[in-house]
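Residue-level listing of the chains:
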Amino acid sequence: MSVQLLGQKPARAAPGVTLQDGITLQLGRVHEGCGPARRSFAMWLAGQMQGPVLWISPAWEPGQLNPDGIMPFADPARFIFVRPTRAEDLLWCMEEALRSGAIPLIVGDLPGAPGLTPVRRMHLAAEQGGTMGRAPLGLLLTPGDGGAQGIETRWHMAATHQGEARRWTLTRRRARALPPARWTATQIKPRAGLQLDQIAAVD
């Protein structure tokens with residue numbers, strides 16, 4: 001039973017992007033997507049939001065997003081690509097984009113997980129960006145099992161396609177107030193989001 005003090009207003013949930021019940025990414029914060037299908041997770045998130053998407057990735061990486069791969073999730077015309085030539089500029093670009101508040105979703109496609117200090121700086125930048133209007137959302141994409149320190153949530157996504165069925169396993173590995181969880185994510189039709197079915201608890 002909860003107790004509310006006299007004259008105290010009930011707490012309101014922080015605004016976020018809800019992908020499905022139990023899966024909400026809070027705005028004004030930085031989250032992490034990892035695993036072999038982390039870019040699919042980012043494009044799914046983009047498809048559930050409106051406005052432009054800023055995609056920051058290193059210029060020296062040979063693999064870049066193809067519009068044909070974006071199409072099933074979102075309109076490729078919404079994507080703005082920035083390709084810094086220096087490693088130190090990757091996080092700087094993301095921080096400045098979050099601080100501007102001009103773009104709803106900023107994705108940093110990184111070669112490795114950043115440390116605690118730059119993530120804290122990005123959280124602060126996202127909060128400052130929210131003073132200009134609706135707060136932006138930051139998503140760090142990191143290889144393998146991820147490991148960025150100080151992030152709000154961590155999501156791991158891997159493809160489990162079967163024949164013509166486009167299917168993934170989505171795992172919530174870290175969240176401040178929620179336990180780990182796992183879902184099967186199935187794409188019924190393009191641009192319709194993903195259908196989620198929880199499959200097991202995660203220890």
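Residues numbered from 1 in each chain as written. Predicted model: local features only at pLDDT ≥ 70, side-chain atom pairs only at ≥ 80, totals over all residues. Heavy atoms only, no water.

S.K.: In this structure, what is going on with the pairing of strand 9 (residues 166-175)? I would like to understand it.
M.R.: Two faces belong to every sheet, and in a regular strand the side chains alternate between them. Two strands pair when backbone bridges link them, and strand 8 (residues 153-159) and strand 9 are joined in this way by seven bridges, in the antiparallel orientation. Looking at strand 9, one finds that methionine 157 is bridged to leucine 170. Following strand 8, the chain reverses through six residues before pairing antiparallel with strand 9; glycine 163 in that reversal takes a positive phi of roughly 60°. Relative to strand 10 (residues 181-187), strand 9 runs antiparallel, the two being bridged by seven bridges. Across the sheet, the residue bridging to threonine 169 is threonine 184, located in strand 10. (Pairing = 2+ DSSP bridges. Helix = DSSP H or I, 4+ residues; strand = E, 2+ residues; numbered from the N terminus.)

S.K.: When you look at the environment of glycine 130 in this model, what are you seeing that I'm missing?
M.R.: Turning to its location among the elements, glycine 130 is positioned in helix 4 (residues 116-130). Among residues more than four places away in sequence, those in contact with glycine 130 are Ala135 and Pro136. (Contact = heavy atoms within 4.5 Å.)

S.K.: How should the environment of glycine 63 be read in this particular structure?
M.R.: Looking at the secondary structure, you find glycine 63 in the loop between strand 4 (53-56) and helix 2 (67-70). Note on glycine 63: relative accessible area 54%, which makes it exposed. Expressed as a C-alpha distance, the spacing of glycine 63 and proline 179, which sit 116 residues apart in the sequence, is 34 Å. (Buried < 20%, exposed > 50% of the residue type's maximum accessible area, 1.4 Å probe, protein only.)

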